[in-house]
Structure formats: structure tokens, C-alpha cells
Amino acid sequence: LTQSLVQVPGMEGVPKDVTACLVGNGQVGFIGTLAIIAGLEAAVFVQNPAKEPGNFGNPLPWWNDYSDEMRSREINNGRIAMFSAIGIIASGLYTGQPAIEQLGL
């Protein structure tokens, strides 16, 4: 919902819905976001062959809470976040409105 309230400077003319990646500076922002994700995937989140798939350890060294239970919680959190994103994208494509406008806010 943040994209409906906050815009990066220079993106004032970009729509606030899922079509933003197809318009003007939105394309630049989309490609930049993909580049950041690709860099993180290639350099930071590299799979260690000695660990099970998806085990990147604890990213925050202040808490040592990496366990099977916490791993399951994080995987489930990621699943519900992906499901939510799919819902926001689908409803945005169907209605043509940003998520916050669909809520009447």
C-alpha cells in the first residue's frame, strides 16, 4: 500500500498502480529494482552447497534464533506475502485502481 501514498522524487508522473513499470520513469525504476534484486541474488544470497536449499543463515547477527521453527515461520511469512502481492496485482489489473483506492481511502 505504500506505493499509493509515497512516491520517489522524479516519479511524480508515474501511475500508482501495477502499470507503473510500463510508463516513463517507472520503467527506469522497474529495471533498477530488478538490477538490485539480481545483484543481491548473485552476490549476497549465494547458496552454500553444504547447507539445505534456501538456508542462508540468520541475516541479523544480533539474535541467534535460527531454528527449524523460525525457518518454517519465515517460509510461511514469505508464502502469505507472495499470495498478498498476487492479490494486489490481480485486483489492480481488474479494477484499474491502486490498492488504497480500492479500499476507499
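Quick caveat, the model's predicted, so the values are computed rather than measured.

Draft legend 1. Geometry of the overall build of the chain. Check the secondary structure of the chain and you find four helices and zero strands. In sequence order, the chain lays out its α and β elements as α-α-α-α. In terms of overall dimensions, the chain is more spread out than a globule: its C-alpha atoms have a radius of gyration of 18 Å, far above the 13 Å expected for 105 residues. Overall, the C-alpha framework of the chain stretches about 45 × 30 × 25 Å when taken along its three principal axes. Going through the 105 residues of the chain one by one, you find that 11% of them count as buried. Residue pairs in contact within the chain that sit at least 24 positions apart in sequence constitute 25% of those at least 6 positions apart. Of the charged side chains in the chain, 5 are positive and 9 negative; the average position of the first set lies 5 Å away from that of the second.

Draft legend 2. Structural view of the confidence of the model for the chain. In the predicted model, the chain carries a mean pLDDT of 84, and the fraction of residues at 70 or more is 97%. Looking over the chain, one finds the lowest element-wise mean pLDDT in helix H1 (residues 2-5), namely 70, and the highest in helix H2 (residues 24-44), namely 91.

Draft legend 3. Quick peek at helix H3 (residues 68-95). Its 28 residues place the ends of H3 40 Å apart at the C-alpha level, agreeing with the 40 Å of an ideal helix rising 1.5 Å per residue. Gly-96 occupies a position one or two residues after H3 and carries a positive phi of about 75°.

Draft legend 4. Examining the pattern of salt bridges more closely. Scanning the model with the defined rule gives two salt bridges in all. Across the pair Glu-69 and Arg-73 runs a salt bridge, and its minimum N-O distance is 2.8 Å. In this pair, Glu-69 and Arg-73 both sit in helix H3, four residues apart, roughly one turn of the helix.

Cut-offs and rules
Residues numbered from 1 in each chain as written. Predicted model: local features only at pLDDT ≥ 70, side-chain atom pairs only at ≥ 80, totals over all residues. Heavy atoms only, no water. Helix = DSSP H or I, 4+ residues; strand = E, 2+ residues; numbered from the N terminus. Rg over C-alpha atoms; globule rule 2.2 N^0.38 Å. Buried < 20%, exposed > 50% of the residue type's maximum accessible area, 1.4 Å probe, protein only. Contact = heavy atoms within 4.5 Å. Lys, Arg positive; Asp, Glu negative; His and termini not counted. Charge placed at Lys NZ, Arg CZ, Asp CG, Glu CD. pLDDT = per-residue confidence, 0-100. Expected span 1.5 Å × (residues − 1). Salt bridge = Lys/Arg side-chain N within 4 Å of Asp/Glu carboxyl O.

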